[in-house]
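If you want the building blocks of each chain, they are given just below.
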Amino acid sequence: MNWELLLQLILNGLIVGMLYGVVAMCFVLIYKSTQIVNFAQGEFLLIGAWVCWAFLVHMQLPFFVGFLLTLLFMMAFGVLLQVIVLRPLIGEPIISVIMVTIGLSIFFQALMKWIFGVSAESYPRVFDTEVITIAGLNIEFAYVMSLVISVVIMASFYWFFKYSRMGLAMRATAFDQQVAQSLGISVKRVFAMSWAISAVVSATAGVVIGMVNGVSDALSVIGIKVFPAVILGGLDSIVGGVVGGLIIGVLENVAEFVDSQYLHVGNLYSIAPFYVLIIILCIKPYGLFGTKDIERI
């Protein structure tokens, strides 16, 4: 057995899994506050990555300036999307809102192709060092930075929900929207903020992945790939989203190792997370950390 290759893939899986966990937190954030599963989450990554690329390539801005402007753009984008498209749907059946997010996903994919084309584009070189070696394993420096960014985002989420006024309002809204509104919390404002935060954090993940792999339509697929991580961890659990992301990230890379060394199926890397999704739905449908929803019939 090629242990060096296996360790390399497991390490890569942990780093990518942290990014999956960040995106999974965005899924959970929107679901907890609005009870909506956002199937356009992957497009948030794609839009953020393309916008940052445009700032860096077409406007020739320094990376950190372009990145900051991208986050501001995505914050405004998330708020406007919620206010213009989703707010009028408050009170409508959940399936109707979910179908709207699927429609938004298709629309944004087509819009990005129309604006930026269908070819993959590379980011300008951001860091002087592209690859570093840790314990004999080669790691993309951008992935190391993504690990740091992921930890910072997760710590920020923890502080935000535990200590900030808006975070406490979001937790109250997630628990019971009517009770939160009776306490003077603006539920509409909470909804808008949750979509803004989700757009900003997803765009950050999109930029990091774009720096390593380039920007293309493949980024939007991550939204679907993260969905098994969300179900695995629990659709209403922030911690579960992080744990699920790590598990799926490692699982993908271990599946790639097993496939390349032994099975030679060819696409086990892509389909392994969805096998896990099916198994989890059959055995533990609420996920590892999800709350059981018991209803009286």
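Refer to the structure above for everything that follows.
Throughout what follows, the structure given in this document is the object of discussion. (Residues numbered from 1 in each chain as written. Predicted model: local features only at pLDDT ≥ 70, side-chain atom pairs only at ≥ 80, totals over all residues. Heavy atoms only, no water.)

Some details on the nonpolar core
With 64 residues, the main nonpolar core has Met-74, Tyr-123 and Val-226 as its most contacted residues. At the level of secondary structure, the elements contributing two or more residues to this core comprise helix H1 (3-34), helix H2 (41-57), helix H3 (63-86), helix H4 (94-116), helix H5 (141-163), helix H8 (187-213), helix H9 (218-233) and helix H11 (268-283). When residues in this core are grouped by element, the largest group, 12 residues, is from H2. Residue contacts for Val-226: discarding those within four places in its chain leaves Tyr-20, Val-23, Ala-24 and Phe-27. Grouped together as the second largest cluster of nonpolar side chains are 19 residues, Ile-153, Met-154, Phe-160 and Val-201 included. (Core = buried A, V, L, I, M, F, W, Y, C linked by side-chain atoms within 4.5 Å. Buried < 20%, exposed > 50% of the residue type's maximum accessible area, 1.4 Å probe, protein only. Helix = DSSP H or I, 4+ residues; strand = E, 2+ residues; numbered from the N terminus. Contact = heavy atoms within 4.5 Å.)

Section: unusual backbone geometry
For Gln-60, which is not a glycine, the phi torsion comes out positive at approximately 55°. Topologically, Gln-60 is positioned in the loop between H2 and H3. On the accessibility criterion, Gln-60 (62% relative accessible area) is exposed.

Comments concerning H3
In this model, H3 (24 residues) spans 32 Å end to end at C-alpha, consistent with the 34 Å of a helix rising 1.5 Å per residue. Burial in H3 covers these residues: Phe-63, Gly-66, Phe-67, Thr-70, Leu-71, Met-74, Phe-77, Gly-78, Leu-81, Gln-82 and Leu-86. Residues of H3 that are buried make contact with H2, H4 and H8. (Expected span 1.5 Å × (residues − 1).)

Considering the packing of aromatic side chains
Under the defined criterion, the tally for this structure stands at 15 aromatic pairs. Measuring from ring centre to ring centre gives 5.7 Å for Phe-44 and Phe-77, while their planes differ by 85°; the resulting arrangement is edge-to-face. Of this pair, Phe-44 sits in helix H2 while Phe-77 sits in helix H3, and the two are 33 residues apart along the sequence. Residues Phe-44 and Phe-77 agree in their burial class; the two are buried. Through a chain of ring-to-ring contacts, the aromatic side chains of Phe-44, Phe-73, Phe-77, Phe-107, Phe-108 and Trp-195 assemble into a single cluster. (Phe/Tyr/Trp six-rings, centres within 6.5 Å; stacked < 30°, edge-to-face > 60°.)

Overview of the packing of H1 against H9
One can describe the packing of H1 onto H9 by two numbers: an axis separation of 9 Å at closest approach and a directional angle of 80°. It follows that H1 is roughly perpendicular to H9 by the angle criterion. Residues Tyr-20, Val-23, Ala-24, Phe-27 and Val-28 of H1 form the contact with H9, whose own contacting residues are Ile-222, Gly-223, Lys-225, Val-226, Phe-227 and Val-230. Its residues assigned to classes, the contact of H1 with H9 comprises nine nonpolar, one polar and one charged. (Axes fitted to C-alpha atoms, helices over the stretch in contact; angles between N-to-C directions. Parallel < 35°, antiparallel > 145°, perpendicular 65-115°, else oblique. Nonpolar A, V, L, I, M, F, W, Y, C, P; charged D, E, K, R; others polar.)

Comments concerning the environment of Gly-13
The topology assignment puts Gly-13 in helix H1. Look at Gly-13 and you get buried, because its relative accessible area is 0%. Residues Gly-13 and Ile-248 lie 235 residues apart in sequence; the distance between their C-alpha atoms is 8.0 Å.

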